[in-house]
Amino acid sequence: STTTSIVGSLSGLGRGLIVGYQERTSLITGAPASYPAPPSYVHAQPLSLNEIHLHWSVVPGADAYRVFRGPQRDSLSPWAVTDTAECRDSTVTPLVEYWYAVSTIDSSLSPPEGVPSHAVSAITDEPPMLLGAVFVPPYHVRLTFSKALDESSAREPGHYQLGSAGLTPASAVMTDQEHGVLLAFRDLPADDGAYTLAVSGVRDLSGIAVPAGTSIAVTIERQGSFYVERASYLGRNVVSVVFNAPPDSSLTVASFSSDPPLLFGEIQRDGLDPGEVRLALIPPPGRADGTVYTLFVSTARDVHGNDIQPGVGSRSSLTFFAEDLLSWRVSPNPCRPDGSPTVLRFVGVPQDAVVGIWDLAGRLVQEVRESTPDGMIRWDGRARSGDLLGSGVYIYRVHSSIGEKSGRIVAIR
């Protein structure tokens, strides 16, 4: 059986009954009720040691919302009134749990205020701190944080910038039981030395972000070793692997493996770049759905007699882009814009894909692009104005050099 909490009653509220179930509140009526329904999908997210962010779904016709706060679910009192579907509480005590509920105010109804929503809670906490950064040849930087991290924010390459040029990594992978991140760069500064790595937007499991202005010094030293610089998919079942020096004849197809597994058919040397080899894949190629593959190289040395650098130096991340639109899909659909970094995923996209989203009135809501060639475009559910998408039906169209696709997205808040 399912437990349902009744947060309103028929007494004194017309002929409607407000019922709360999980994260939703529903209005059950025998005739139209004369009071406003409470908001649905109320969320409380700690932002720092001293602030909690509240947001909820918009109630049509609402003039304002009353926020209730208290130390326990059953001990709430009026705390604030706002005319938007969000507010921030910066009067909290660190490391204390707070409970919240929200009611709707609509002056056109009588009574003008309904019963509160279901109650939600949040606990303020210390933000995750960046403790260390180590350069791992040939092109990786390993970061260590004080707390376990939220995967979607930690794996976003745009949250990391190296040096004054603002170089961003090609990929970011979780390590050390979610306390670490391994960054793989396609391009690094030409000269060895100390560089500043800036981190922003990375959150812990509670949703608290690293402090503004977080940065750390990284010392890059690459002299005297043989390693893989990068691996990339070129299309048509061909993978390019670039080393920092020309490999000798000990490098064969048997030197390569991957996780998840890929089948390699033959190896070809690049006539223009002696440090590059090309691997022919036995179809099918890797999945173009955001999956990050790891390519491993073993028993190899360069023409100077240096063995391949063990560990990170003998591996590279590898992603695949779609070469057709046969596997195109949108997930999840319906979606729930709630402020998280990834609300919707467009999967199976070509590397030059651009997705436009329109409302039913034909207005362009947002345009998102394939920023990393991994077959997936991630969208945070925000319009160009920065506001979260409202409930409704939207039209999307993907444009690419190999074709177009269109369909509908349903947003529920």
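Located above this text is the structure these notes cover.
Residues numbered from 1 in each chain as written. Predicted model: local features only at pLDDT ≥ 70, side-chain atom pairs only at ≥ 80, totals over all residues. Heavy atoms only, no water.

All told, the structure shown has 14 salt bridges when counted by the stated rule. With a shortest N-O distance of 2.8 Å, Arg-69 and Asp-89 are connected by a salt bridge. One end of the pair, Arg-69, is in strand β6 (residues 64-72); the other, Asp-89, is in strand β8 (residues 86-89), and 20 residues separate them in sequence. Here Glu-151 makes a salt bridge to Arg-155, at a shortest N to O gap of 3.2 Å. Judged by relative accessible area, Glu-151 falls into the partly exposed class, the value being 43%. Ionic contacts of the salt-bridge type, sharing partners, join the residues Asp-125, Lys-147 and Asp-204 into one network. (Salt bridge = Lys/Arg side-chain N within 4 Å of Asp/Glu carboxyl O. Helix = DSSP H or I, 4+ residues; strand = E, 2+ residues; numbered from the N terminus. Buried < 20%, exposed > 50% of the residue type's maximum accessible area, 1.4 Å probe, protein only.)

Before going further, it helps to spend a moment on the nonpolar core. Membership of the largest hydrophobic core comes to 25 residues, with the highest contact counts inside it found for Val-141, Leu-143, Tyr-160, Val-181, Leu-183 and Leu-197. When residues of this core are traced back to their parent elements, those giving at least two are β11 (130-136), β12 (140-145), β13 (160-162), β14 (171-175), β15 (180-184), β16 (193-199) and β17 (215-220). Those residues in contact with Val-181 that lie beyond four places of it in its chain are Val-141, Arg-142, Leu-143, Phe-145, Leu-149, Ala-154, Tyr-160, Ala-172, Val-173, Met-174 and Thr-175. With 23 residues, the next largest nonpolar core counts Val-239, Val-297, Ala-300 and Phe-320 among its residues. (Core = buried A, V, L, I, M, F, W, Y, C linked by side-chain atoms within 4.5 Å. Contact = heavy atoms within 4.5 Å.)

At the junction of Asp-259 and Pro-260, the peptide bond is cis and its omega measures out at -5° in the coordinates. On the secondary structure map, Pro-260 appears in the loop between β20 (256-259) and β21 (264-269). That bond from Ser-331 to Pro-332 is cis: its omega, -10°, falls within 30 degrees of zero. Despite not being glycine, Tyr-41 shows a phi value in the positive range, around 50°. The exposure class assigned to Tyr-41 is buried, which follows from its relative accessible area of 10%.

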